[in-house]
Structures are given as C-alpha cells and as structure tokens.
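Per-entry structural report
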Amino acid sequence: MIASPSPGQPIPHWSLSGTWEAIDEATGQPAAWPPGWDPAALPRPRCRLRDRVAFVWRGRRRTGEVRDIRVRLPAAGQPALEYVIYTSGHGFWVTDDQLD
C-alpha cells in the first residue's frame, strides 16, 4: 500500500543500486519509510540512472542523461515516475509518457 504524501514525508528516489530509497526533500538525506509505505509496491522505472535517453520537451525530441528518478504521489490516484534528465547544462523534469 502507498499512502498519500503529507508535508515533511520523504519522497522515494531510485538509487544506483536499483532500489527505492526514502529521501527527505528538505535536507536531501536518507530517511525512514513512513508507516504504511511499501517500497516493493512502487513502480519500476523504464530506465536506470546515468542512462542516455530520448525524450520530448515542448514538441522537440532531445537526448540526455538520467540523473534522478523519483515517485510523484498525487493526492488521489496511482503514483507516477518523474525523471530528471540533463542535457546541454540544463535539467528537465519529465514523466514516463515524455520518454521516447
């Protein structure tokens, strides 16, 4: 089960070892999983950290390196993955549907 987020709760980030880690967004430090969270229930990313991927940004196809993957937990509905992709010195937050 994945509970809805509340302020101050850690956000799941994908690690280089291929597992989800709870990260406190305010400090960037690892944190404990809140009660009721099951990392095994979170979706698996389509790519790994440091992979080169193609994505669509404002109608243009671009390529870059995946630097971070986190789970966005909407107040209602299924969790969605967000990828931080760096290209040309800029980071772009993209979702699964923007990956090519």
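Placed above this text is the structure.
Residues numbered from 1 in each chain as written. Predicted model: local features only at pLDDT ≥ 70, side-chain atom pairs only at ≥ 80, totals over all residues. Heavy atoms only, no water.

A count of helical and extended segments in the chain gives 0 helices and 7 strands. In sequence order, the chain lays out its α and β elements as β-β-β-β-β-β-β. Relative to the compact-globule value of 13 Å for 100 residues, the chain shows a C-alpha radius of gyration of 14 Å, a close match. Across the 100 residues in the chain, those meeting the buried criterion constitute 35%. A fraction of 43% describes how many contacts in the chain between residues 6 or more apart in sequence connect residues 24 or more apart. (Helix = DSSP H or I, 4+ residues; strand = E, 2+ residues; numbered from the N terminus. Rg over C-alpha atoms; globule rule 2.2 N^0.38 Å. Buried < 20%, exposed > 50% of the residue type's maximum accessible area, 1.4 Å probe, protein only. Contact = heavy atoms within 4.5 Å.)

As a further point, take the packing of aromatic side chains. Per the stated rule, a full pass over the model turns up 4 aromatic pairs. Between tryptophan 57 and phenylalanine 92 the ring centres are 5.0 Å apart and the planes differ by 65 degrees, which places this aromatic pair in the edge-to-face class. Note that tryptophan 57 is positioned in strand E4 (residues 52-57) and phenylalanine 92 in strand E7 (residues 90-95), a separation of 35 residues in sequence. Under the relative-accessibility criterion, tryptophan 57 is labelled partly exposed at 24%. Members of the aromatic cluster, connected to one another through ring pairs, are Phe55, Trp57 and Phe92. Its guanidinium or amino end placed over the ring of tyrosine 86, arginine 67 lies 4.7 Å from that ring's centre, counting from NZ or CZ. (Phe/Tyr/Trp six-rings, centres within 6.5 Å; stacked < 30°, edge-to-face > 60°. Lys NZ or Arg CZ within 6 Å of the ring centre and 35° of its normal.)

A word on the pattern of salt bridges. Side-chain pairs of opposite charge can arise whenever the charged atoms involved come near each other. In this structure the tally under the stated criterion is 6 salt bridges. Residue arginine 48 pairs with aspartate 51 through a salt bridge whose shortest N-O separation is 3.8 Å. When the shortest N-O distance is used, the salt bridge between glutamate 82 and arginine 72 registers 3.5 Å. Taken as a pair, glutamate 82 in strand E6 (residues 80-87) and arginine 72 in strand E5 (residues 60-72) lie far apart in primary sequence, 10 residues in all. Through salt bridges with shared partners, a single ionic network connects Glu25, Arg70, Arg72 and Glu82. (Salt bridge = Lys/Arg side-chain N within 4 Å of Asp/Glu carboxyl O.)

Looking now at the side chain of glutamate 82. Classification of glutamate 82 by relative accessible area gives buried; the value is 12%. Of note is the side chain of glutamate 82, whose polar atom sits 2.8 Å from the side chain of arginine 70. Of the polar contacts made by the side chain of glutamate 82, one reaches the side chain of arginine 72; its length is 3.5 Å. Beyond its immediate chain neighbours, meaning those up to four positions away, glutamate 82 contacts Asp68, Ile69, Arg70, Arg72, Trp93 and Val94. (Polar contact = N/O pair within 3.5 Å; in protein donor to acceptor, adjacent residues only side chain to side chain.)

Quick look at the environment of serine 15 now. Its place among the elements puts serine 15 in the loop between strand E1 (11-14) and strand E2 (20-24). Its relative accessible area of 7% is what places serine 15 among the buried residues. In this structure, the C-alpha to C-alpha distance between serine 15 and glycine 64, residues 49 residues apart in sequence, is 18 Å. Once residues within four sequence positions are removed from consideration, serine 15 is found in contact with Glu21 and Leu49.

So yeah, pure geometry; function would need other evidence.
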